[in-house]
2 protein chains.
Amino acid sequence: MSAHEAKRQRTQSVDYELLYHPQIPGRAEFIRLLFKASGVEFTDPANEDPPNESGLNGYALVQAACSPRSLGDEEGNPPAFAPPALRHRQAGKDGKSLVIHQTPTIMSYLGGRLGLAGESEIESVWINQIALTALDMNNECHDTHHPVAVSKYYEEQKQAALEKSKDFRETRMPKFFSYFERVLKHNKDSGNGKYLVGSKLSYADTTLWQLLDGLKFAFPEEMKARSPEFPLLFETFYPSLEEEAWLKTYLKSAERLPYSMGVFRHYPELDRQ
Amino acid sequence: MSAHEAKRQRTQSVDYELLYHPQIPGRAEFIRLLFKASGVEFTDPANEDPPNESGLNGYALVQAACSPRSLGDEEGNPPAFAPPALRHRQAGKDGKSLVIHQTPTIMSYLGGRLGLAGESEIESVWINQIALTALDMNNECHDTHHPVAVSKYYEEQKQAALEKSKDFRETRMPKFFSYFERVLKHNKDSGNGKYLVGSKLSYADTTLWQLLDGLKFAFPEEMKARSPEFPLLFETFYPSLEEEAWLKTYLKSAERLPYSMGVFRHYPELDRQ
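Cut-offs applied
Residues numbered from 1 in each chain as written. Chains lettered and ligands numbered in written order. Predicted model: local features only at pLDDT ≥ 70, side-chain atom pairs only at ≥ 80, totals over all residues. Heavy atoms only, no water. Helix = DSSP H or I, 4+ residues; strand = E, 2+ residues; numbered from the N terminus. Rg over C-alpha atoms; globule rule 2.2 N^0.38 Å. Buried < 20%, exposed > 50% of the residue type's maximum accessible area, 1.4 Å probe, protein only. Areas by Shrake-Rupley, 256 points an atom, 1.4 Å probe, with all protein chains shown as cover. Lys, Arg positive; Asp, Glu negative; His and termini not counted. Charge placed at Lys NZ, Arg CZ, Asp CG, Glu CD. Contact = heavy atoms within 4.5 Å. Buried area = accessible area lost by both parts, 1.4 Å probe. Salt bridge = Lys/Arg side-chain N within 4 Å of Asp/Glu carboxyl O. Polar contact = N/O pair within 3.5 Å; in protein donor to acceptor, adjacent residues only side chain to side chain. Nonpolar A, V, L, I, M, F, W, Y, C, P; charged D, E, K, R; others polar. Phe/Tyr/Trp six-rings, centres within 6.5 Å; stacked < 30°, edge-to-face > 60°. Lys NZ or Arg CZ within 6 Å of the ring centre and 35° of its normal. Pairing = 2+ DSSP bridges. Axes fitted to C-alpha atoms, helices over the stretch in contact; angles between N-to-C directions. Core = buried A, V, L, I, M, F, W, Y, C linked by side-chain atoms within 4.5 Å. Arc of directions from axis to C-beta. Least-squares fit on C-alpha atoms with pLDDT ≥ 70 in both. UniProt positions renumbered as here; feature names shortened; annotations may be inferred.

By the naming in an unreviewed UniProt entry, chain A is Glutathione S-transferase, taken from Neodothiora populina.

Okay, structure coming up:
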């Protein structure tokens, strides 16, 4: 069997395919962490460029799934608005693939399947609301460098970006961090400051960890100054998660993409001076 | 029995309590529509000001549930980040109340319970992803008048608001509307242009309808000019939904709050000139 053929067979035997832009962690990173935390395999065609059963390679697969002209795919899935999207093989109608988009939809779909959505429905709704609040902060962080138009360059909206970042650092960071700190405190008897809900890892934890990690990259000075105000969050939660074997291994691997020009960007002028 | 006592008894016999700011439709309106569509009762203390078992009245209940100092409530619920929040009586641990926040979490929690989440898990994930995309557009609409800081007045960020609105009208509206139009087209055999997924009403429909209604208030000129480009959306979907008996009744009632200074605001200078 050729290397090409072996790769094709592996691709088709893996249940999950993550469809996202190449070379940036972006919103897909919240989903990648679920797979890494649970040890479940997935393919990432834009970064692996494998041949696929459809005949399309790599990023072309993502672009086809999220095309702004798509009326849905041949497997009966409706159009996808934007990456990230997830293909779950044989989970759609009549054993076809199910394709879904929207990061929170994908996370709650995978959460239960991968054992990262708590131990009861009550825990699962709390996990969902916390993860969504972390994703809201992620969106606000994106808007610090693109407050006016996602379609324009940062340099074209720099004045508004300076003002937005100041508000984000001075008003939004304390509000969000206080919330996460209080959730950890509320759950301290079960979670020991390491888990947000209950006594085991959930996608609320992985999502918050990724958010904090990205913010440390984007706003290193502000984060250093803020950390002592929220000791559970920065002295217990963040470093404890990072000590989990799966995350340590992943962070050292080539699969973990570096931050660059995605959601989390380091513009020193937007950080605390 | 006094009127006061009768009101107290009704409040305690209703399963759901919606916790939100008074006098604006806001994000809570997406949740109100689920109750109205399904005919399930709920209380809305900030607008009804009923006495509650906790001894707090009206908006004080909302403020207590979402306090920025809360470490969780006496019923074991973790802190809520911000309104809207939902109390579901007897659905929490040991028959206590469950309190959840985040509009999408509340919508997916209620969706299945109120019969508005489709007829299979596949439909329910599609409904979720479409509703979330409508809520994303709702957030972007909010940011047209508050691009820099939610904590500041519109007048303090008017220049950025003018630029953001231009991009929202010219870039984002066509992108979002094209997506919704294509979803309706994809589902046309089942939904006849009236339903986004399958052949019955879901919370994707109610959420998109509310978004379009708010946009018509906020950007009347732009919406008039855009409508012919998306005929299923504006000639079939929007008016067909409005013809549903429950929605007609609700829109005529005093419970339907007028748009004012919430997410959807009408600033003529931000609209198409």
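Caption draft 1: Quick look at the overall build of chain A. Per the secondary structure count, chain A includes 12 helices and four strands. In summary, chain A has a C-alpha radius of gyration of 19 Å against a globular reference of 19 Å for 273 residues, a match within 12%. Reported as C-alpha extents along the three principal axes, the dimensions of chain A are approximately 55 × 50 × 35 Å. For chain A, the residues scored as buried account for 58% of the 273 residues in total. Of the accessible surface of chain A, which amounts to about 10900 Å², a share of 49% is contributed by carbon and sulfur atoms. Across chain A, the centroid of the 32 positively charged side chains sits 2 Å from that of the 38 negatively charged ones.

Caption draft 2: Structural view of the interface of chain A and chain B. In this assembly, 54 residues from chain A lie in contact with 54 residues from chain B. Across the chain A to chain B interface the summed buried area is about 4700 Å²; carbon plus sulfur atoms make up 59%. For the interface between chain A and chain B, the tally reads two salt bridges. Our count for the contact surface shared by chain A and chain B stands at 28 residue pairs in polar contact (both at pLDDT 80 or more). Secondary structure elements with two or more residues in the side of chain A that touches chain B: strand 4 (98-101), helix 5 (103-113), helix 6 (121-145) and helix 7 (158-186) of chain A. A total of 14 residues in the side of chain A that touches chain B trace back to one element, the largest contributor, which is helix 7 of chain A. Broken down by class, the residue content of the side of chain A that touches chain B amounts to 24 nonpolar, 16 polar and 14 charged.

Caption draft 3: Local environment of the packing of aromatic side chains. Per the counting criterion, the structure on display carries 24 aromatic pairs over all chains. Considering the side-chain rings of Trp209(A) and Tyr238(A), the 5.4 Å spacing of their centres and the 5° angle between planes classify their relative orientation as stacked. Here Trp209(A), found in helix 9 (residues 203-218), pairs with Tyr238(A), found in helix 11 (residues 231-242); they are 29 residues apart in sequence, far enough to count as distant. The buried category is assigned to Trp209(A), whose relative accessible area is 1%. Judged by relative accessible area, which is 8%, Tyr238(A) ranks as buried. Members of the aromatic cluster, connected to one another through ring pairs, are Phe81(A), Phe176(B), Tyr179(B) and Phe180(B). The aromatic ring of Tyr109(A) is capped on one face by Arg113(A), whose charged end is 3.8 Å from the ring centroid.

Caption draft 4: Up close: the pairing of strand 4 of chain A. All names here are of chain A. Because side chains alternate across strand 4, one face comprises the buried residues Leu 98 and Ile 100, and the other comprises Val 99 and His 101, equally buried. Pairing geometry for strand 3 (residues 85-88) and strand 4, over four bridges, is antiparallel. Among the inter-strand pairings, Ala 85 is bridged to a residue of strand 4, identified as His 101.

Caption draft 5: Highlighting the pairing of strand 3 (residues 85-88) of chain B. All names here are of chain B. Covered by surrounding structure in strand 3 are Ala 85 and Arg 87 together with Leu 86 and His 88, the residues of both alternating faces. Two elements, strand 1 (residues 16-19) and strand 3, share four bridges in a ladder whose sense is antiparallel. Residue pairing for strand 3: Leu 19 is matched across the bridge by Ala 85.

Caption draft 6: How the structure looks around the sheet that holds strand 2 (residues 42-43) of chain A. Residues and elements named next belong to chain A. The four strands lie next to each other as 2-1-3-4, forming an open sheet whose pairing is mixed. Only two strands of the sheet have a single neighbouring strand rather than two, namely strand 2 and strand 4. Pairing of strand 1 (residues 16-19) with strand 2, which is carried by two bridges, proceeds in the parallel orientation. Paired with Glu 17 across the bridge in strand 2 is Thr 43. Here helix 5 sits on the sheet and contacts strand 1, strand 3 and strand 4; the angle it forms with strand 4, its principal contact strand, is near 125°.

Caption draft 7: Focus on the nonpolar core. Counting 144 residues, the largest nonpolar core has Phe177(A), Phe180(A), Leu215(A), Phe177(B), Phe180(B) and Leu215(B) as the members making the most contacts within it. Contacts of Phe180(B), omitting those with residues within four sequence positions, involve Ile130(B), Thr133(B), Ala134(B), Met137(B), Leu196(B), Leu208(B), Leu211(B) and Leu233(B).

Caption draft 8: View of the sheet that holds strand 2 (residues 42-43) of chain B. Read from one edge of the open sheet, four strands run 2-1-3-4 (chain B), paired in mixed fashion. This sheet does not close on itself; its edge strands, each paired only once, are strand 2 and strand 4 (98-101) of chain B.

Caption draft 9: How the structure looks around helix 12 (residues 245-252) of chain A. Residue and element names in this part refer to chain A. Buried within helix 12 are the following residues: Trp 246, Leu 247 and Tyr 250. One side of helix 12 carries all its buried residues, which in axial view fall inside an arc of 95°. Opposite its buried face, helix 12 presents the exposed residues Ala 245, Thr 249 and Lys 252, each directed more than 90 degrees away. If you follow the buried residues of helix 12, they end up packed against helix 2 (28-38), helix 9 and helix 11.

Caption draft 10: Seen up close, the relation of the copies chain A and chain B. Placing chain A over chain B gives an RMSD of 0.0 Å and needs a rotation angle of 180°, together with 0.0 Å of translation along the axis. Taken together, the rotation angle and the small translation identify this as a two-fold axis. Rotation axis and chain A: the residue whose C-alpha lies nearest the axis is Pro147(A), separated from it by 2.9 Å. The fraction of interface residues of chain A whose copies in chain B are also interface residues reaches 100%, indicating that both copies meet through the same surface.

Caption draft 11: Up close: the UniProt feature "domain: GST C-terminal" (unreviewed entry) in chain A. The positions that UniProt labels "domain: GST C-terminal" (unreviewed entry) are, in the present scheme, residues 120-259 of chain A. A distance of 35 Å separates the end C-alpha atoms of residues 120-259 of chain A, which is 72% helix and 0% strand.

Caption draft 12: Spatial organisation of the environment of Gly111(A). Residues and elements named next belong to chain A. Structurally, Gly 111 is set in helix 5. Separated by 91 residues in sequence, Gly 111 and Ser 202 place their C-alpha atoms 7.7 Å apart. Not counting residues up to four positions away in its chain, the partners in contact with Gly 111 are Leu 116, Ala 117 and Tyr 203.

Caption draft 13: Highlighting the side chain of Arg226(A). Residues and elements named next belong to chain A. With respect to the helices and strands, Arg 226 occurs in helix 10 (residues 220-226). Assessed through its relative accessible area of 10%, Arg 226 is described here as buried. Every residue in contact with Arg 226, bar those within four places of it in the chain, is listed here: Arg 169, Glu 170, Met 173, Pro 174 and Arg 272.

Caption draft 14: Main features of the side chain of His145(A). Residues and elements named next belong to chain A. Counting through the fold element by element, His 145 comes out in helix 6. A polar atom in the side chain of His 145 sits 2.7 Å from the backbone oxygen of Val 263. If we ignore the near neighbours within four places in the chain, the residues touching His 145 are Tyr 154, Gln 157, Ala 161, Gly 262, Val 263, Arg 265, Tyr 267 and Leu 270.

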